[in-house]
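Examining the three-dimensional arrangement
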Protein chains: 2
Amino acid sequence: MSEFRLGLVGVGKIVRDQHLAAIQATPGIGLAAVADPFSELAGIASYKDLAAMLDAEPTLDAIAICTPTHLRHELARLALERGKAVMLEKPPGATLAETEDLKALAEEHDAVLFAAWHSRFAPGISHARDWLSSRTVTAVTIDWHEDVRVWHPGQDWIWEAGGMGVFDPGINALSIATQLVSTPFFLKHADLEVPENCQTPIAARLGFRTAAGIPVDADFDFRHQDPPRWDMRIDTDAGVLKLESGGSRLIIDGEVVIDEPEREYQGVYAHFCELLKAGESDIDIAPLRHVADAMLLGHRRAVEAFIE
Amino acid sequence: MSEFRLGLVGVGKIVRDQHLAAIQATPGIGLAAVADPFSELAGIASYKDLAAMLDAEPTLDAIAICTPTHLRHELARLALERGKAVMLEKPPGATLAETEDLKALAEEHDAVLFAAWHSRFAPGISHARDWLSSRTVTAVTIDWHEDVRVWHPGQDWIWEAGGMGVFDPGINALSIATQLVSTPFFLKHADLEVPENCQTPIAARLGFRTAAGIPVDADFDFRHQDPPRWDMRIDTDAGVLKLESGGSRLIIDGEVVIDEPEREYQGVYAHFCELLKAGESDIDIAPLRHVADAMLLGHRRAVEAFIE
């Protein structure tokens, strides 16, 4: 069977940790080339930048953009304008305006665009969706706590303006919740704790409500000793669903239904392959919109300086 | 001729200063009722809240929502669900999620929804649009400076989380710029000066770029002695356009083309009347999205406390 030929831009930590093995494990898609000014991959055609890669490899079908966030918009525009399908690592853009622009551009070019919220592909999510589809949610509680020193060592950018702080992992929880709760929810209040030497929050407490008044409460915290706590509890009119370990473990009414090793990026690439076959896009901006709303509406309180 | 019957929710300062006279001056629309828990209007049916007004006045065609921002979403939902057209004072919502929800709801109900960016109806704007339509913009510079003590006396809410600070007037400039520049622009950097006793910026410098690299630079400042400076300069490939006094004065290549007294809210209601006749919506979220992007991406610097 013929494979979709993938070019990947930005060969950083997440690509080496996750993307390469996931691409290799996904039938139907093959890594044909990479582009990075500072990095090459042995055995794969390596280019300094996307333009050079596109010029040299005219038969690429799709481009995965895994660069730092602020570079993604310009690169994605270039790839879409050259007729390529595009996958964006999360978050899909540095700003909402950029992300909405890519969505509009993909529609205009009838191109495939995929905003890859990897946490949506955790092992328990699909079953959770099915179970929830016949029930009415009455409350959602999210606890997303991890030790920033363990999970983001040396990532100073996370504390700079636009780096999102605790929303960098928190947006993963929001990407799951926006997929599992079938009606939209709206931020009513947000408390943000910002270290006095940082631009972005180290902790956030968010209170959302659906139009019907169902509470969706989230507690994100970077000041948590390992192991991490990536948990979500969804109360319904007919039972309680819990996701633990970021969605690897699904517990329904106290019974463990799924408990599997994490393999989110295989799910990401399998879904991208389906989108490529169907010629469809999947570009949900809601998780990033919630983070922007939290920064717009949130009450900031200065807390102790963060020293890694 | 028969008039559209308008109900107005939230009888505050902006309604008494602007809306009432504008409605009276607009043929085709008439104020039939108001709703406000604390305020009545002599000679107009007055209700305590929107639900009471809708129950008692089933023939209302349209609802203008002029309450504090955080109440608008729920009220607009109620009005749309009861089959009414809705006009929203600026900004159209407290969060982007709420505003996107209203847009989707109006589409679903095939209802008229109007996000009233009043500055777009300043006397010089329409002519500026026509002049720009045959030219290519090469640079935009915005200076929006005013004395907060003169223009927002006693408005403590402006300094609280979600109150937007200098973006409360600055969003007016963004509403003009997003209408006059035909291609979208994207925030690349933002410097926010936040008084050490406040949650929101007293000054902001924003650097946007279009996809083609055209700069759109904005400088908002609340620490400005009267008179205000609400100016915008648009350089093009064939001449320079300047808007002064918030758009009341239009100068093209050094020649004053329009210099008229401010009458923005008459323009707002005339446009709402056109939308009602045509059964169309006008709900542009871009100005609020830019403010959220600035809060998401902006670098904050603490400055001197603000004491009114």
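Throughout, a residue's number is its position along its own chain's written sequence, starting from 1. Chain letters and ligand numbers both follow the written order, the letters beginning at A and the numbers at 1. Residue-level local features of this predicted model are given only where pLDDT is at least 70; pairs of side-chain atoms are given and counted only at 80 or more, and the full residue set underlies all totals for whole chains, interfaces and linings. Excluded from the side-chain calculation are hydrogens and water; included are all heavy atoms of the structure.

Some details on the nonpolar core
In plain terms, the rule: Nine residue types can take part in a nonpolar core, namely buried Ala, Val, Leu, Ile, Met, Phe, Trp, Tyr and Cys, and a core is a set of them joined through side-chain atoms within 4.5 Å. For every residue, the accessible area obtained with a 1.4 Å probe (protein chains only) is divided by the maximum for its type, and the residue is called buried under 20%, exposed over 50%, and partly exposed between those limits. In what follows, a contact means two residues having at least one pair of non-hydrogen atoms within 4.5 Å.
Within the largest apolar cluster, 164 residues are counted, with the highest numbers of intra-cluster contacts made by A:Phe220 and B:Phe220. Excluding its chain neighbours within four sequence positions, the residues that come into contact with A:Phe220 are A:Ile142, A:Trp144, A:His145, A:Val166, A:Phe167, A:Gly170, A:Ala173, A:Leu174, A:Ala203, A:Ala204 and A:Leu206.

Observations concerning the relation of the copies chain A and chain B
The following threshold applies: Least squares is the method used to superpose the copies, on C-alpha atoms of residues holding a pLDDT of at least 70 in both.
Here chain A sits on chain B after a turn of 180 degrees about the axis and a move of 0.0 Å along it, with an RMSD of 0.0 Å. Interpreted geometrically, this transformation is the action of a two-fold axis. Looking at chain A, 100% of its interface residues are interface residues in chain B too, so the copies touch through the same face.

Here's the deal with the domain arrangement of chain A
Residues and elements named next belong to chain A. Rule in force here: How far each domain reaches was decided by an automatic or database domain assignment. Values labelled buried area give the accessible surface lost by two parts on being combined, using a 1.4 Å probe and summing over both. Salt bridges are identified by distance alone: a Lys or Arg side-chain nitrogen within 4 Å of an Asp or Glu carboxyl oxygen. Two N or O atoms count as a polar contact when they lie within 3.5 Å, although within protein this holds only if one can serve as hydrogen donor and the other as acceptor, and sequence-adjacent residues are included solely when both atoms are side-chain atoms. Residues are grouped as follows: nonpolar covers Ala, Val, Leu, Ile, Met, Phe, Trp, Tyr, Cys and Pro; charged covers Asp, Glu, Lys and Arg; every other residue, Gly included, is treated as polar.
Here chain A is partitioned into domain 1 (4–115) and domain 2 (119–264 + 291–303). When each unit is reduced to the centre of its C-alpha atoms, the spacing between domain 1 and domain 2 is 27 Å. When the two sides are added together, the surface that domain 1 and domain 2 hide from each other amounts to roughly 460 Å², 61% of it contributed by carbon and sulfur. Our enumeration of links across domain 1 and domain 2 arrives at one salt bridge. There are two residue pairs in polar contact (both at pLDDT 80 or more) connecting domain 1 and domain 2. For the side of domain 1 that touches domain 2, the class distribution of residues is three nonpolar, one polar and two charged.

Focus: the packing of aromatic side chains
Residues and elements named next belong to chain A. For clarity, the cut-off: To pair, rings of Phe, Tyr and Trp, with the six-membered ring standing in for Trp, must have centres within 6.5 Å; the planes then decide the type, stacked if under 30 degrees apart, edge-to-face if over 60, and tilted in the middle. Numbering of helices and strands starts at the N terminus; helices are DSSP runs of H or I of at least 4 residues and strands are runs of E of at least 2.
One pass over the structure, following the stated rule, counts 14 aromatic pairs over all chains. Look at Phe185 and Phe208: their rings are 5.1 Å apart centre to centre, the planes differ by 75 degrees, and that puts the pair in the edge-to-face class. Separated by 23 residues along the polypeptide, Phe185 in strand S8 (residues 185–195) and Phe208 in strand S9 (residues 203–210) bring together distant segments of the chain. In this structure, Phe185 and Phe208 share a single accessibility class: buried. An aromatic cluster is defined as three or more aromatic residues linked by ring pairs; in this entry it consists of Phe114, Phe121 and Phe272.

Describing the sheet that holds strand S5 (residues 85–88) of chain B
Residue and element names in this part refer to chain B. Formally: What makes two strands pair is DSSP finding at least two bridges between them. Axes, fitted as lines to C-alpha atoms, cover a helix only where it is in contact. Angles between the N-to-C directions of the axes lie from 0 to 180 degrees.
With respect to topology, six strands assemble into an open sheet ordered S3-S2-S1-S4-S5-S6, the strand pairing being parallel. Either end of the sheet is taken by a strand with one partner, and the two such strands are strand S3 (45–47) and strand S6 (113–115). Across the sheet, the mean angle from the axis of one strand to that of its neighbour is 25 degrees, orientation sign disregarded. Across three bridges, S5 lies against S6 in parallel orientation.

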